[in-house]
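Structure at a glance
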Amino acid sequence: MEQVTRRRVICGNWKMYKTIDQALHFIDELSPIVANANCNVYLAVPFTAIKLMADKAKELHISIGAQNMNDATEGAFTGEVAALMVKDAGASFVLLGHSERRRVFKEDNAFINRKVKRALQSDLEPILCIGETFEEREEGRTQEVLKEQLTACLNGVDRELAKKLIVAYEPVWAIGSGKAATSEIAEEIQSFCRETLASLFDAEVADRTPLLYGGSVTSENSKDFLNQPNIDGLLIGSASLHPESFAKIIQLCQNSASSNDSLAKGE
Ligand code: PEP
């Protein structure tokens, strides 16, 4: 029986919080806890903190990433930052399609698709965020919306490069609201996303892609999500701003890692 090992990823998203000093202080507090982490610890930090954080995080096996990037290689785009620039600063991954980017900055699937392709070409791991609004869920359109987002955002992505992809399911109604999805809802959706990835690429790509849940994750509810077979990690906003709560979630991930690290595939 062939075994597929999926990485477990705990990713913090700091949004527009923390100066460089605050970021470095955070990592000093976190370092003893993550020293032996057997899951992948990721932090999406403000652009201004990437370089120093990446230098400091190297020895701690924490991956530092950006929260956004532009799809162009370079050019007259005042205020924008290119993939090669965040890579050059030390980022190894980038969040793309976060609902705040979609809602506040009007990013659409076509733009996000170009960014996903540019990130992959630039050797940056994209964490593609997808999620339905409250209204879309109420209208019974959740799967339709997610399938559309996955299909459009991954259009034309090379199968080999797709192996570097991470997908985060973040229901818009759960982000920053204190109302997390139930672990059952998140599992059902991630199982659907895995099927969709299999139809867009193939079973191998779908089986190896880490699928994260995000939306009001706390140190109290994280274990329920991590115990689900199709949830390989978490994308965390508020609870990643404090070393204590973020560390607690990392520890919970370590303890639950053995349960779905290896997944049977086929006979
Ligand atoms: C996020 O910003 O991706 C997020 C999930 O935020 P929060 O954990 O605060 O809901």
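Residues numbered from 1 in each chain as written. Predicted model: local features only at pLDDT ≥ 70, side-chain atom pairs only at ≥ 80, totals over all residues. Heavy atoms only, no water.

Mapped onto the secondary structure, R102 falls in helix α4 (residues 99–104). E107 provides the closest opposite charge to the buried, unpaired R102, separated from it by 7.1 Å. Those residues in contact with R102, other than ones at most four positions away along the chain, are G97, E107, N109, I112, C129, I130, Q149 and C153. (Helix = DSSP H or I, 4+ residues; strand = E, 2+ residues; numbered from the N terminus. Buried < 20%, exposed > 50% of the residue type's maximum accessible area, 1.4 Å probe, protein only. Lys, Arg positive; Asp, Glu negative; His and termini not counted. Salt bridge = Lys/Arg side-chain N within 4 Å of Asp/Glu carboxyl O. Contact = heavy atoms within 4.5 Å.)

On to helix α5 (residues 109–121), then. Along an α-helix, a turn takes 3.6 residues, which lines up residues three or four apart on a common side. Under the 1.5 Å per step criterion, the end-to-end length of α5 is 18 Å for 13 residues, consistent within 8% with the ideal 18 Å. Here α5 has its buried residues at N109, F111, I112, N113, K115, V116, A119 and L120. Phi for D123, located one or two positions after α5, is positive at around 60 degrees. (Expected span 1.5 Å × (residues − 1).)

Counting buried residues in strand β6 (residues 125–130) gives six out of six residues, a clear majority hidden from the surface. Bridge analysis of β6 against strand β7 (residues 166–169) gives four bridges, and the strand direction is parallel. For C129, the partnering residue across the bridge sits in β7 and is A168. (Pairing = 2+ DSSP bridges.)

So, on to the confidence of the model for the chain. Averaged over every residue, the pLDDT of the chain is 93; residues scoring 70 or more account for 94%. Confidence over residues 258–267 falls short of pLDDT 50; this stretch has 28 contacts with residues more than four positions distant or in other chains. (pLDDT = per-residue confidence, 0-100.)

So, about the sheet that holds β7. Pairing is parallel around the closed barrel formed by eight strands, whose spatial order is β2-β3-β4-β5-β6-β7-β8-β9. Going from strand to strand, the sheet's axes swing by 25 degrees on average, the running direction of each strand aside. By the bridge criterion, four bridges tie strand β3 (residues 40–44) to strand β4 (residues 62–66) in an arrangement that is parallel. Opposite V41, over in β4, you have I62 as the bridge partner. Here helix α2 (residues 47–57) sits on the sheet in contact with β3 and β4, set at roughly 165 degrees to β4. Each of β6 and β7 is contacted by helix α7 (residues 142–153), which is oriented at about 150 degrees to β6, the strand it contacts most. (Axes fitted to C-alpha atoms, helices over the stretch in contact; angles between N-to-C directions.)

Glycine aside, negative phi is the norm for most residues, and most peptide bonds take the trans geometry. Although it is not a glycine, K15 adopts a positive phi angle of roughly 50 degrees. Mapped onto the fold, K15 is located in the loop between β2 (9–13) and α1 (20–34). The class of K15 is partly exposed, set by a relative accessible area of 21%. Positive phi values are uncommon outside glycine, yet K106 reaches one of about 55 degrees. A relative accessible area of 66% means that K106 is categorised as exposed.

Our next topic: the site of the ligand. The immediate surroundings of the ligand are formed by 14 residues, with K15, E170, G176, S216 and G237 found nearest. Side-chain polar atom of N13 to an oxygen atom of the ligand: 3.3 Å apart, as the coordinates give it. Contact distances for the ligand include 2.7 Å between an oxygen atom and a side-chain N or O atom of K15. Protein contacts shield 98% of the accessible area of the ligand, which totals 290 Å² for the unbound molecule. Here the shell around the ligand is composed, by residue class, of four nonpolar, eight polar and two charged. (Near = heavy atom within 4 Å. Polar contact = N/O pair within 3.5 Å; in protein donor to acceptor, adjacent residues only side chain to side chain. Areas by Shrake-Rupley, 256 points an atom, 1.4 Å probe, with all protein chains shown as cover. Nonpolar A, V, L, I, M, F, W, Y, C, P; charged D, E, K, R; others polar.)

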